[in-house]
Every structure is written in C-alpha cells, then in structure tokens.
Amino acid sequence: MPELPEVETTCRGIAPRIQGETIEKVIIRQTKLRWPIPQNLNTKIKNQIINSVTRRGKYLLLTTDMGTVIIHLGMSGSLRVIASNLAAEKHDHVDIVFKNGTCLRLRDPRRFGAVLFTADDPMQHKLLNNLGPEPLEKDFNTNYLFNKSRKRSVTIKSFIMDSKIVVGVGNIYASESLFKAGIHPKKAAGQVTKGKYSLLVKAIKTVLKAAIKSGGTTLKDFTKSDGKPGYFKQKLSVYGRKGEPCPICGKAITHSVIGQRATYYCTHCQI
Ligand SMILES: [Zn+2]
C-alpha cells in the first residue's frame, strides 16, 4: 500500500512534469473507485492550469484556479506522466490529459483510490479537515504528542497510527519507530514518558525521512509506461522479521497483532 513516503515521492516525481500545464480534458474509464469520481470533473477543470501539486497526509492536491483535484492512491494506486496517446491498460482508470501531449494517468487495480474535486479550500474538505499535523513539520513535536497522549489508554502503536493525532505513520513505520525509541508497542499511550516521546518523535521523523530518501533514489521513473508501482523496500529492523535476531540484543523478534495490524518488536529492547 502506498504510504506517506511513496505519496511524497510521487508528489515530487509528478510535480515538475505537470505544474504549469494546461488541462485539455479528463478521461474517466471507470468511475467506481472508493468513492465515485465526480461526473462533472472534466467540465470543472478543462482548460485550467495546474498551479501546484502538493501533499497533505496521503492525499495529493492538484490546485487550479477553479478548485482542487484530491487524489488518494488507496491500496494499489500509482500515477505516471506519460504520452497521452499511449494505449490505456486494464486498470488505467483516469487520465488528466494536458495540451502538451502528456497525461497524468492513474492506475489502480484494487480501486480503493479516489479522485475528488472541491471548489473550496481543500483543507476544509471532510477527508482532510480532521487530519493531525504532518510528521515532518515542526508542529509535530514532543510537547504536542505528549500532551495529546495524556489519559489515553489506547496502545502507543494505535495512537501514533491515528491520522487525527499525526498523519502518515503507517503500520511498518509505527513498528520501526517504536523499536528505535525502545517503546513496547502495547504500552498505553498515556503511560509513555515525555523522555520516551522525545525519542519517538525523532524516530518517526528519521524513519520517514529515510524512506522518502530511498524512494527518491530507488523508486520509479514517473514517466515509464510499464505501470509497475515499484514502491520501495527499505531496510527494516523489526518489521517482517519474526524469529530473527534483534539487531541490538540478538533476542528473537516477536510478532503479535495490535488493532488488527501485524506488529513486530523486541521484548528485551522495547519496554
Ligand atoms: Zn532487542
């Protein structure tokens, strides 16, 4: 599933290729994604110029003078900027075609993605207006996370994966960050000390930055037409390593399920 680093990498990959380009039309081959694609999307954005391409959480925002296209990649979505006359394949559901002969093509085999439009401030859209801070921004810091966690009995892992608390800490990144910070994933959020939150905030930022960096160098060419999402694997310390030795103490990594999500940790190093 595309996580925040992949979405950020996608944003950086497509932005220089579509910013400033004029939209000729929108081709919708399949309207039934997670939510139906608005039928008037073509009317709304035809002849508009893409002013900016930004990311908020895992949403990509293509801003025009008429409003903003909100794109979510769901479970399996990917975006490429390719020649618009290249034949579409089975799961290529949407093209935003530009007057320069290229198009932004969304491929989404599982169709959990979304393409929406708002004429208003996108930050007030119902999908975005409850989102917590961006993990790499300054307002995501020790004081913020510590204060939010007081009296919370939810596990620390579920707490940091809650997008109302902070966006973009997916399942893999939660396990890896908790390992780095030495915090047991089942500990109640309200019981974690401020000192540990300081380590955790640093760990989350480090893990996500490393993932974005690896994406920037190893991920895809956004102009290739093979359509393979090519989401990157990064070096993981605990995630997916059940029974393997902990990189710090050598004890076998434990696996359990928290909030219905696979969780990996070291019972010796994480308390
Ligand atoms: Zn260990």
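Quick note: structure is the one above.
Note that the structure is predicted; figures quoted are calculated from it, not measured. (Residues numbered from 1 in each chain as written. Predicted model: local features only at pLDDT ≥ 70, side-chain atom pairs only at ≥ 80, totals over all residues. Heavy atoms only, no water.)

Peer 1: An account of the environment of T206 is needed here, citing residue identities and associated values.
Peer 2: In this structure, T206 sits in helix α6 (residues 194-218). Overall, T206 belongs to the partly exposed group, its relative accessible area being 43%. Residues T206 and L136, spaced 70 residues apart in sequence, show a C-alpha to C-alpha distance of 9.0 Å. (Helix = DSSP H or I, 4+ residues; strand = E, 2+ residues; numbered from the N terminus. Buried < 20%, exposed > 50% of the residue type's maximum accessible area, 1.4 Å probe, protein only.)

Peer 1: Can you lay out the coordination of the zinc ion for me, pointing to particular residues and giving the numbers?
Peer 2: The protein atoms that coordinate the zinc ion are C246 (SG), C249 (SG), C266 (SG) and C269 (SG), at distances spanning 2.2 to 2.4 Å. Relative to the metal, the four donor atoms surrounding the zinc ion lie at angles of 101 to 114°, and the coordination shape comes out tetrahedral. Site description for the zinc ion: donor spacing in sequence, C-x2-C-x16-C-x2-C. Taken together, the residues span a long stretch of sequence, with C249 in the loop between α6 and β9 (254-258) and C269 in the segment after β10 (261-265) at a distance of 20 residues. Residue classification places C249 among the partly exposed positions, given a relative accessible area of 31%. (Donors = N, O, S within 2.8 Å, 3.2 Å for Na, K, Ca; no water. Tetrahedral: all angles 85-135°; square planar, octahedral: opposite > 155°, others 65-115°.)

Peer 1: Tell me what's going on with empty space enclosed by the protein, and back it up with residues and numbers.
Peer 2: Tallied over the entire structure, the rule returns one cavity of 30 Å³ or more. There is about 40 Å³ of room inside the largest cavity. Lining the largest cavity are I71, L79, V94, I96, L104, L106 and V115. Those elements that provide at least two residues to the lining of the largest cavity are β6 (92-98) and β7 (102-107). Looking at side-chain class alone, the lining of the largest cavity contains seven nonpolar, no polar and no charged residues. (1 Å grid on protein atoms, 1.4 Å probe; cavity = no way out; pocket = protein on both sides within 12 Å on 5 of 7 lines; lining within 4 Å. Points joined across faces, edges and corners; volume = space filled by probe spheres on them. Nonpolar A, V, L, I, M, F, W, Y, C, P; charged D, E, K, R; others polar.)

Shape is all these values report; function is a separate question.
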